[in-house]
Amino acid sequence: MDTRDKFLTRRLELTSLREEEALMYLEKHRVLDLLVNLTSSLIFYQPEKPRDFLLNMLARIKIAKITAVDFPCLMDDSNLVSMFEIMDPTNQGFITPVQYREALKNLGLLDPDEVIDEDKEVITRDDFRDDVFTLSDLFTHGN
């Protein structure tokens, strides 16, 4: 269980109305998701000047949100293809909805208790890639 999950599951232990309001605020504005994204980027790129890097990331997120321009994410097409191939070791060209949900959870694009409405019996590589990019875009630009 990662730190974010521990914090979120702590909800059961909230002792005051103020703590509950604070958590609801963080969830509503997706602050924890933003912090996870910033921290992941920081660890992934390991810049010499982490504070400058984080300020630059925040500025780029703000510009992306204002201009509706895609914000670069850690996952590119080759990463998604590799991830899909790991889930499809026999090279059938598809994965199951269960594998799909778990991949989205691992990417931080789906909450552990969130349910998706998936009508398909199988998920192709193109569907997987398109869905991840769409969900990443929703994460970056918010609601």
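Structure: above.
These notes cover the structure that comes with them. Since this is a predicted model, take the numbers as computed values, not measurements.

## Regarding the overall build of the protein chain
- Check the secondary structure of the protein chain and you find 7 helices and 2 strands.
- Sequence-ordered secondary structure for the protein chain, helices as α and strands as β, is α-α-α-α-α-β-α-β-α.
- Across the 143 residues that make up the protein chain, the buried fraction comes to 24%.
- With an accessible surface of roughly 10200 Å², the protein chain has 56% of that area assigned to carbon and sulfur atoms.

## Focus: the nonpolar core
- Counting residues in each nonpolar core, the largest one holds 13 residues, and the members touching the most others are Met-87, Ile-95, Tyr-100, Leu-104, Phe-128 and Val-132.
- Only helix H5 (77-87), helix H6 (97-106) and helix H7 (125-141) provide two or more residues apiece to this core.
- Broken down by element, the residue count for this core peaks at 4 residues, all from H5.
- Those residues within four positions of Met-87 in sequence are excluded, and the remaining contacts are Ile-95, Gln-99, Ala-103 and Phe-128.

## Things to note about the side chain of Asp-88
- Position of Asp-88 relative to the elements: it lies in the loop between H5 and strand E1 (94-95).
- Arg-125 is the oppositely charged side chain nearest to the buried, salt-bridge-free Asp-88, at an N-O distance of 7.8 Å.
- Aside from chain neighbours lying at most four places away, what touches Asp-88 is Gly-93, Phe-94 and Ile-95.

## Here we look at the environment of Leu-135
- You can see Leu-135 is positioned in helix H7.
- Take Leu-135: its relative accessible area is 26%, and that puts it in the partly exposed class.
- Dropping the residues within four chain positions of it, Leu-135 is found in contact with Leu-104 and Leu-109.

Analysis parameters
- Residues numbered from 1 in each chain as written.
- Predicted model: local features only at pLDDT ≥ 70, side-chain atom pairs only at ≥ 80, totals over all residues.
- Heavy atoms only, no water.
- Helix = DSSP H or I, 4+ residues; strand = E, 2+ residues; numbered from the N terminus.
- Buried < 20%, exposed > 50% of the residue type's maximum accessible area, 1.4 Å probe, protein only.
- Areas by Shrake-Rupley, 256 points an atom, 1.4 Å probe, with all protein chains shown as cover.
- Core = buried A, V, L, I, M, F, W, Y, C linked by side-chain atoms within 4.5 Å.
- Contact = heavy atoms within 4.5 Å.
- Lys, Arg positive; Asp, Glu negative; His and termini not counted.
- Salt bridge = Lys/Arg side-chain N within 4 Å of Asp/Glu carboxyl O.

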